[in-house]
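# Examination of the molecular architecture
Residues per chain are reported as follows:
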Amino acid sequence: MSTAAGSTELHHLGIAQAGELIRSRSLSSVEYVKALIARTESLDGQLHTYVTRSFENALELARGADREIAAGRYRGPLHGIPFALKDCFDTAGIRTTGHSKVLAGNVPVRDAAVTARLQQAGALLMGKLALHEFAHGGPSFDVPWPPARNPWNTARVTGGSSSGSAAAIAAGLVPASIGTDTGGSIRVPASRCGITGLMPTFGLVGRSGAIPHSYTFDRSGPMARTVEDCAILLQVIAGHDPGDSGSVLHSLPDYRAALGQDLRGLRIGVLRHNWEEEVAVSDAEHGAIQDALGVLRELGATLEDCRIRPMRSYTDIKTIIAETEVFNVHLRDLAVRPSDFGADILGRMLPAMLFTATDLIKAGREHRRAITEMEPLYRRFDAFITISSGEAPAFSAHDPLGFWKNANHFTAANVTGQPALALPHGFGPGGMPLGMQILGRPFGEALILRIGHAYQEATEWHLRRPVLVDHADAPSVDEPPLLAGTSGETSAGLREACLAAARSLGLKLSGRMFAQLLEGAPYAFAMAGRMPGDHGHAEAPANVFAVRHP
C-alpha cells in the first residue's frame, strides 16, 4: 500500500476513504482490487459469499479506471471502487441465478437498472453474491450453492435474504453491495453482520432487471460499512427507472451533503411497544437500544414514545399480498419442475395457493389503511426508532414454519412504503452484532441518513471487525429440518382443500411438498381470517395506479 494511504489495511477501507485515495491517486484501483481478490481467495472458503466471481473483468475495469483518472476524467466517488451484487440483479454476460437451480444457467443479455447506474459511475463489478433462494427461502442446504456464513461466527446464519452481501462487506471482501428488501432482507443481514443497510422509499430506486419477489413490496438499496458509504451509493442508484412500473419521479437531494448537520430540533418517535410488548428481547438488546436512545438525546434530538399498529397486522398484510405474488412469479416452474426449488422456499410459497382473490383485495385495502394512518405520525415526528435484529442464531435453529408463525419489527416499513436504515448499536453476550432501525417519512432518506451518521460519529460499533483465520474451512453445522412434523395433525377437510387447490393449478407435489403445504395451510387460513372486512365502498387497495408527470 502506498505511503499516502497510511497503514490501514486495504480491505478495511470504506467507500469514502478508498474513493478519496483513488481520486488523489494515492491508491490505484488495480491495487485495491488485487487486495480484495487476495482477501476473498483467503477467506471465502469458510464464508461462501460468492456465487459467481468476475475478478479478471474487475481488474480490466480497474486498469481503465486508473487511466481515466490519470487523464483527468474522474467520474465521482465510486470511480474505481469495487462492488458486488446480490445475485438477483441482472448482469450482462454474467450469470444471474437467484441462488436457485431453476436459474442456474441464466446469463442475461442486459444489465439491471442499478447495475448500469453503478457501472456508469465507474464502479467495478467483482461478482455476484449469495442470497436466500429467490430472495425468499432459506437458509437452505438443498440448493446448488451453500448458504453464506456469518463472519463473526461461521457456524451461525447471516440473516436473509441479502446474506452474501452482508457477510462479504463485514469480512472485508468488498466495500459495497446492493441488496433487496421485501420484508427485512437488507436490514436483517446488515444487523446480524454488523454493517449498515438502507431500504429506500418504495419507488426511489429502480427495480428493472431484478428478479421479482413481490411487485408490491420489493425495494433495492445500498449495503456498506457506514451510513456515509450508503449515502454515496444511494446518490448513484436512486432516480426514475422507466423499466419499473413502480418507479417514482422525484427530485434527489445531495444525500452525502446532509450528513454533517446536527440533530437539534429533530423529533424522533420511539416505537418502544415493538420490543417491550410485542416480542421478547434479550437483556443485551434492551440495554443496547436504551443506550442508543441516550446517544440520540445527547446529540440534541427530542425523543417521545409513540405507537403504530401491531406487528402481526403488518405481517398479515404483507404475507397475503407478497406470497400471492411470488407464488405467481414462479407458478410456471412450480408446475413443471417443482423439485428444482429448495424446500424452504416451497414451504413459504405453496400455502399461498390457498389465498383467494377476496383475501388479496381485503389485504390490499388494509394496506391502504396502514399507509394512510401514518400521516398524523409524519406530522408529529421527523423519524422513528425501533430495534432491528438480535444475535444471529445457529443454522439448526431455523424453524421451517417460522415465516408463517412469527411477526417481526421489519415488515411495517415495507407495508407503509417508508425508508428504513439499519445500523449496528451493540453486541450480545455471544459476541454477535446487534442492530437498530431508523425509519423516516417517505422520501426522507436524507434525514435518516443524517441521524444514522451522527450516531456513528458518536459511537464505534460500526468500526469493529470480525477476526477470521486465513484459509480455514467452514465448520460442520447441523442443518435445519425441512419439515416441522405437523402435517399429520391436519383435518380431513383441510387436506382435501389443499389437494383441490393443487389440482386446480396443475401442480404435482411430492409427499414432502404436500406435507409442507399442509403444515403452512392453517397459518395461511388464520391470516386470511384476521384480515378486516369492514372496509367502506370507497376504500381502494394500495396498488391503485397513479400517473406522475415531471
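Since the structure is predicted, the reported quantities are computational estimates derived from the model, not experimental observations.

Turning our attention to the pattern of salt bridges. Between side chains of opposite charge, a pair can form when the charged atoms approach closely. Under the definition given, this model contains 27 salt bridges. Notably, a salt bridge pairs R264 with D262, separated by 2.6 Å at the nearest N-O pair. Judged by relative accessible area, which is 32%, D262 ranks as partly exposed. The partner of E277 in a salt bridge is R307, and the shortest N-O contact between them spans 3.0 Å. Separated by 30 residues along the polypeptide, E277 in helix α8 (residues 273-278) and R307 in the loop between β8 (302-305) and α10 (311-329) bring together distant segments of the chain. Taken as a pair, E277 and R307 share a single burial class, namely exposed. The network of salt bridges with shared partners includes R309, E366, R369, E373, D534 and E539.

Taken in spatial order, the 11 strands line up as β1-β3-β2-β4-β6-β5-β10-β11-β9-β7-β8 in an open sheet, and their pairing is mixed. Across the chains shown, the open sheet's two edge strands, defined by having one partner strand only, are β1 (50-53) and β8. For this sheet, the mean angle separating the axes of adjacent strands, direction not counted, is 30°. Sheet analysis places strand β9 (residues 383-387) next to strand β11 (residues 433-440), joined by five bridges and oriented antiparallel.

The next thing to look at is the UniProt feature "domain: Amidase" (unreviewed entry) in the protein. Here the UniProt feature "domain: Amidase" (unreviewed entry) sits at residues 31-449. As annotated, residues 31-449 comprises 38% helix and 14% strand, and the C-alpha atoms at either end are separated by 30 Å.

The end-to-end C-alpha distance of α10 is 26 Å, a good match for the 27 Å that 19 residues give at a rise of 1.5 Å each. Along α10, 15 of the 19 residues are buried, which leaves the element largely enclosed by surrounding structure.

Turning next to the packing of aromatic side chains. Enumeration according to the criterion identifies nine aromatic pairs in this entry. Measuring from ring centre to ring centre gives 6.1 Å for F134 and F341, while their planes differ by 50°; the resulting arrangement is tilted. Taken together, the residues span a long stretch of sequence, with F134 in the loop between β3 (124-129) and α5 (163-170) and F341 in the loop between α11 (331-336) and α12 (343-349) at a distance of 207 residues. One exposure class covers both F134 and F341, and it is buried. Ring geometry for F355 versus W404: centroids 6.3 Å apart, planes at 45°, classification tilted. Here F355 is found in the loop between α12 and α13 (357-372), whereas its partner W404 is found in helix α15 (residues 402-405), with 49 residues between them in sequence. Accessibility classification places F355 together with W404 in one group, the buried group. Each member of the aromatic cluster is reached from another via a ring pair, and the members are W152, F427 and W461. Of note, R309 hangs over the ring of Y314, and the distance from its end group to the ring centre comes to 5.9 Å.

So, on to the nonpolar core. Judged by nonpolar contacts, the single largest core of 159 residues is most densely connected at L78 and L118. Tallying contributions element by element places helix α7 (residues 227-237) first for this core, with eight residues. Those residues in contact with L78 that lie beyond four places of it in its chain are I15, L118, A121, G122, A123, I232, L233 and V236.

Since the α-helix packs 3.6 residues into each turn, any two residues three or four apart lie on the same face. Across its 16 residues, α13 extends 23 Å between first and last C-alpha, which sits within 8% of the 22 Å expected from 1.5 Å per residue. Regarding α13, the residues found buried are D359, A363, G364, R365, E366, H367 and A370. Buried positions along α13 lie against α10, α16 (411-416) and α19 (511-530).

This next bit is on the side chain of H367. Of note, H367 is situated in helix α13. Residue H367 is classed as buried on the basis of its relative accessible area of 6%. Look past the residues within four positions of H367 in its chain and what remains in contact with it is T216, F217, I317, I321, V415 and A542.

Further remarks concern the environment of M531. Structurally, M531 is set in the segment after α19. With near-sequence residues (within four places) excluded, M531 lies in contact with D316, I317, I320, K362, A363 and E366.

This brings us to the confidence of the model for the protein. When pLDDT is averaged across the protein, the result is 96; 97% of the residues are at 70 or more. Segment residues 1-7 is flagged for pLDDT under 50; beyond a separation of four residues in sequence, or across chains, it makes 12 contacts in the model.

Our next topic: unusual backbone geometry. That bond from G138 to P139 is cis: its omega, 5°, falls within 30 degrees of zero. The omega torsion of the bond from G160 to S161 falls at 10°, within 30 degrees of zero and hence cis. Structurally, S161 can be placed in the loop between β3 and α5. Backbone geometry places H99, a non-glycine residue, at a positive phi of 60°.

Reading guide: rules and limits
Residues numbered from 1 in each chain as written. Predicted model: local features only at pLDDT ≥ 70, side-chain atom pairs only at ≥ 80, totals over all residues. Heavy atoms only, no water. Salt bridge = Lys/Arg side-chain N within 4 Å of Asp/Glu carboxyl O. Buried < 20%, exposed > 50% of the residue type's maximum accessible area, 1.4 Å probe, protein only. Helix = DSSP H or I, 4+ residues; strand = E, 2+ residues; numbered from the N terminus. Pairing = 2+ DSSP bridges. Axes fitted to C-alpha atoms, helices over the stretch in contact; angles between N-to-C directions. UniProt positions renumbered as here; feature names shortened; annotations may be inferred. Expected span 1.5 Å × (residues − 1). Phe/Tyr/Trp six-rings, centres within 6.5 Å; stacked < 30°, edge-to-face > 60°. Lys NZ or Arg CZ within 6 Å of the ring centre and 35° of its normal. Core = buried A, V, L, I, M, F, W, Y, C linked by side-chain atoms within 4.5 Å. Contact = heavy atoms within 4.5 Å. pLDDT = per-residue confidence, 0-100.

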